[in-house]
Amino acid sequence: MADFTASQAAVVRIERAEQGRWDLSVISDAGVAMGHGVYLFDADHDDAEDEQAAALDFVRDYGFRFERDAVQADGPGAFWAPLLPSDQQ
């Protein structure tokens, strides 16, 4: 699915776009968005566990994973985590 190599993919970014929606992006090491997804949810399920699970599913489609304890806040309603190849588990 991805048109970039594992060495180019650097992070996943999770951003609240609006109420009930998180935007998910795979960002290259050069800062270019290489993939984009949207996670829509019920307001009752707006927590860190759900959005991280959605982000993990999203990056898995690109052949990556991230460690939940590596997720960093990047301002209000925005987070990022470094990506790892999914075969390094």
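Since we're looking at a predicted model, the values are computed, not measured.

A. The arrangement of the overall build of the protein in detail. Within the protein, the regular secondary structure consists of one helix and seven strands. Starting at the N terminus and walking to the C terminus, you meet the elements of the protein as β-β-β-α-β-β-β-β. In the protein, the proportion of contacts linking residues at least 24 apart, taken out of those at least 6 apart, comes to 37%. For the protein, the accessible area works out to roughly 5,100 Å², and carbon and sulfur atoms hold 47% of it.

B. Summary view of the pattern of salt bridges. One pass over the full model with this rule turns up five salt bridges. Arg13 is the salt-bridge partner of Glu15, the closest N and O atoms lying 3.4 Å from each other. Looking at Glu15, the relative accessible area reads 31%, which means it is partly exposed. Note on Arg13: relative accessible area 21%, which makes it partly exposed. Across the salt bridge formed by Glu67 and Arg65, the nearest N and O atoms sit 2.4 Å from each other. Overall, the relative accessible area of 14% leaves Arg65 in the buried class. Ionic contacts of the salt-bridge type, sharing partners, join the residues Arg13, Glu15 and Asp74 into one network.

C. Region of interest: the environment of Leu24. Mapping Leu24 onto the fold places it in strand β2 (residues 21-28). Separated by 35 residues in sequence, Leu24 and Val59 place their C-alpha atoms 8.9 Å apart. Those residues in contact with Leu24, other than ones at most four positions away along the chain, are Arg13, Ile14, Gly35, His36, Gly37, Tyr39, Ala54, Ala55 and Phe58.

D. Looking closely at the nonpolar core. Val12, Phe58, Val59, Phe66 and Leu83 are the most contacted members of the largest nonpolar core, which has 18 residues in total. Counting residues per element, the ones that place at least two in this core are β1 (9-18), β2 and α1 (48-60). By residue number, the principal contributor to this core is α1, which donates five residues. Aside from chain neighbours lying at most four places away, what touches Val12 is Ser25, Phe58, Val59, Phe66, Phe79, Trp80, Ala81 and Leu83.

E. Fine view of the environment of Ala70. Counting through the fold element by element, Ala70 comes out in the loop between β4 (64-65) and β5 (72-73). On a C-alpha basis, the gap between Ala70 and Leu83 in space is 9.6 Å, while along the polypeptide they are 13 residues apart. Once residues within four sequence positions are removed from consideration, Ala70 is found in contact with Trp80, Ala81 and Pro82.

F. Quick peek at the pairing of strand β6 (residues 78-82). With two bridges joining them, β5 and β6 adopt antiparallel strand pairing. For Gln72, the partnering residue across the bridge sits in β6 and is Trp80. Taken together, β5 and the strand that follows it, β6, pair antiparallel across an intervening segment of four residues, in which Gly75 is found at a positive phi of about 95 degrees.

The rules behind the values
- Positions within a chain are numbered from 1, following the residues in the order the chain's sequence is written.
- Restriction of local features to residues with pLDDT of at least 70 applies here, the model being predicted, together with a cutoff of 80 or more for giving and counting side-chain atom pairs; totals for whole chains, interfaces and linings are based on all residues.
- Each side-chain value is derived from all of the structure's non-hydrogen atoms; neither hydrogens nor water enter the calculation.
- Numbering goes from the N terminus for both helices and strands, where a helix is a DSSP run of H or I of at least four residues and a strand is a run of E of at least two.
- Pairs of residues are marked as contacts when any of their non-hydrogen atoms sit within 4.5 Å.
- Working definition of accessibility: Shrake-Rupley area with a 1.4 Å probe, residue cover restricted to the visible protein chains.
- Here, a salt bridge means any Lys or Arg side-chain nitrogen found within 4 Å of an Asp or Glu carboxyl oxygen.
- With a 1.4 Å probe rolled over the protein chains alone, any residue whose accessible area is under 20% of its type maximum counts as buried; one over 50% counts as exposed, and the rest are partly exposed.
- Buried Ala, Val, Leu, Ile, Met, Phe, Trp, Tyr and Cys residues form a nonpolar core when they are joined through side-chain atoms within 4.5 Å.
- Strand pairing is assigned whenever DSSP identifies at least 2 bridges connecting the two strands.

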